[in-house]
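# Report on the structure
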Amino acid sequence: MATISVIIPVYNTVIYLPRCMKSVLGQTHNDLEIILIDDGSTDGSHQIAKTLSPLTYIRLRKNFGQTAAMDAGIKAAKYPFIVTMDGDRQNDPKDIPM
């Protein structure tokens, strides 16, 4: 089975983070890496993200925008297949296997 890196940029999404992680982790993929990039959130998203596991957490020092956050996540990815998602659950994690 292929290995997948899931890149999730977030900005002020404190209310969505736990559900987002639960949805992504609910996938049946064996080798799934989750990379959460906090794009300078000011709402406490970073404090919630630190409590979530398993994930690679990257916090940008200020809000650079979604493109910069995606770029940071892609550069940190260790697996050959990359899936990008929004942290506010606009993308359905059930689509990951496809």
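In case you missed it, the structure is sitting above this.
Described in the following lines is the structure provided in the data block.

### With respect to the sheet that holds strand S2 (residues 32-38)
Strands in a sheet are paired, the pairing made by backbone hydrogen bonds, and the direction either parallel or antiparallel. A sheet is described by the order of its strands in space; here four strands give the open sequence S3-S2-S1-S4, paired in parallel fashion. This sheet does not close on itself; its edge strands, each paired only once, are strand S3 (56-59) and strand S4 (81-84). For this sheet, the mean inter-axis angle between neighbouring strands, taken without regard to orientation, is 20°. Strand direction decides the pairing type here: strand S1 (residues 4-10) and S2, joined by seven bridges, are parallel. Counterpart to isoleucine 8 in the pairing with S2 is leucine 36. Lying on the sheet, helix H1 (residues 17-25) is in contact with S1 and S2; it crosses S2 at an angle near 160°.

### Topic: unusual backbone geometry
Negative phi values dominate among residues other than glycine, just as trans dominates among peptide bonds. The residue after serine 53, namely proline 54, is reached through a cis peptide bond having omega -5°. Of note, proline 54 is situated in the loop between helix H2 (45-49) and S3. Of note, the phi angle at asparagine 12 is positive, near 50°, even though the residue is not glycine. For asparagine 12, the location among the structural elements is in the loop between S1 and H1. Residue classification places asparagine 12 among the partly exposed residues on the basis of a relative accessible area of 29%.

Conventions and cut-offs
Residues numbered from 1 in each chain as written. Predicted model: local features only at pLDDT ≥ 70, side-chain atom pairs only at ≥ 80, totals over all residues. Heavy atoms only, no water. Pairing = 2+ DSSP bridges. Helix = DSSP H or I, 4+ residues; strand = E, 2+ residues; numbered from the N terminus. Axes fitted to C-alpha atoms, helices over the stretch in contact; angles between N-to-C directions. Contact = heavy atoms within 4.5 Å. Buried < 20%, exposed > 50% of the residue type's maximum accessible area, 1.4 Å probe, protein only.

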